[in-house]
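Given next are the chains, with one letter for each unit.
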Amino acid sequence: MKVAYLDIETNYLGEYVDQRLFRDYKNHRISVVGLLVEEPAGDRFVQLVGESVTRQALMQALAGIRRIVTYNGRSLPDAMKRSTGFDFPVIAAQLGVVLDREFPHTDLVPECWKRNLYGGQKKVEQVLGLRRALPGKDGEWAMRMWRKYLATNDQRCLDELLTYNREDVFMLREIESRLRSL
């Protein structure tokens, strides 16, 4: 079965209001979509960046996928808390496709809750004993790197952002693997 692990980075364009920020999906612009696709012939990693983030490009990258895995990505409310996540609602607002209606989906957040693991992805990674090559980075940092890249065209900023996104995506597979053993 072909599985895709998916994570996005965004640039927030709305007025910063702490409580609304993560529910203001229409004002987040996707800067990077990272996908790790497990295929019988071997893994494939894809990143759509900036202007290449289109519905057509995303659907093409997901062609043949049987399941998508995210961390807090769901646009459909979960069964435990009836809450939604972030990635898929932003993708729906920007690209007009509701991925968890198009593909079977595993959101690792409710899976973590079932095992009494709470918090963001990086916190759960720490609890599970996973170590990052780029510690101390978060979504706010990713947004600053994207903005710096846009302002300066400094390739190093983009490279760091892409490395960060890649680590986020690959950690999804590690989290899923660790959860199976709990």
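Whatever comes next refers back to the structure up there.
Given the structure is predicted, the values throughout are model-derived calculations rather than measurements.

Sorry if this is basic, but what is going on with the pairing of strand β3 (residues 44-49) here?
The side chains of a regular strand alternate between both faces of the sheet. Pairing between strand β2 (residues 28-38) and β3: six bridges, direction antiparallel. Bridging across to β3, Val 33 finds its partner in Leu 48. Hairpin connection from β2 to β3: five residues lie between these consecutive antiparallel strands, with Gly 42 at a positive phi of about 130°.

What am I meant to see in the sheet that holds β3 here?
Strands in a sheet are paired, the pairing made by backbone hydrogen bonds, and the direction either parallel or antiparallel. Read from one edge of the open sheet, five strands run β3-β2-β1-β4-β5, paired in mixed fashion. Of all the strands in the sheet, just β3 and β5 (105-107) have a single pairing partner and so form its edges. Pairwise comparison of adjacent strand axes, ignoring direction, gives a mean angle of 20° for this sheet. The pairing of strand β4 (residues 67-70) with β5 spans three bridges and is classified as parallel. In the sheet register, Ile 68 faces β5, and the bridge partner there is His 105. The strands that helix α6 (residues 139-152) touches are β1 (3-12), β2 and β3; relative to β1, the one it contacts most, it runs at about 65°.

How should I be thinking about helix α7 (residues 155-180) in this particular structure?
Because each turn of an α-helix spans 3.6 residues, side chains separated by three or four positions end up pointing in the same direction. With 26 residues, α7 extends 38 Å between its outermost C-alpha atoms, agreeing within 8% with the 38 Å of an ideal straight helix rising 1.5 Å per residue. Capping the start of α7 is the job of one residue whose side-chain oxygen sits 2.9 Å from the backbone nitrogen of Arg 156: Asp 154.

So what exactly am I meant to see when it comes to the packing of aromatic side chains here?
Each pair of aromatic rings is reported with the distance of its centres and the angle of its planes. Under the criterion given, the structure shown has three aromatic pairs. Aromatic side chains Trp 146 and Tyr 149 sit 5.6 Å apart centroid to centroid with 40° between the ring planes, which places their arrangement in the tilted category. Taken together, the positions of Trp 146 and Tyr 149, both in helix α6 and three residues apart, correspond to about one turn of that helix. Accessibility assignment for this pair places Trp 146 and Tyr 149 in one class, buried. Across the ring face of Trp 113, the terminal group of Lys 81 is positioned such that the distance to the ring centre comes to 4.3 Å. Arg 166 extends its terminal NZ or CZ atom over the ring of Phe 45, reaching a point 4.7 Å from the ring centre.

About the criteria used
- Residues numbered from 1 in each chain as written.
- Predicted model: local features only at pLDDT ≥ 70, side-chain atom pairs only at ≥ 80, totals over all residues.
- Heavy atoms only, no water.
- Pairing = 2+ DSSP bridges.
- Helix = DSSP H or I, 4+ residues; strand = E, 2+ residues; numbered from the N terminus.
- Axes fitted to C-alpha atoms, helices over the stretch in contact; angles between N-to-C directions.
- Contact = heavy atoms within 4.5 Å.
- Expected span 1.5 Å × (residues − 1).
- Polar contact = N/O pair within 3.5 Å; in protein donor to acceptor, adjacent residues only side chain to side chain.
- Phe/Tyr/Trp six-rings, centres within 6.5 Å; stacked < 30°, edge-to-face > 60°.
- Buried < 20%, exposed > 50% of the residue type's maximum accessible area, 1.4 Å probe, protein only.
- Lys NZ or Arg CZ within 6 Å of the ring centre and 35° of its normal.

Remember that the coordinates give geometry; whether it matters functionally is a separate question.
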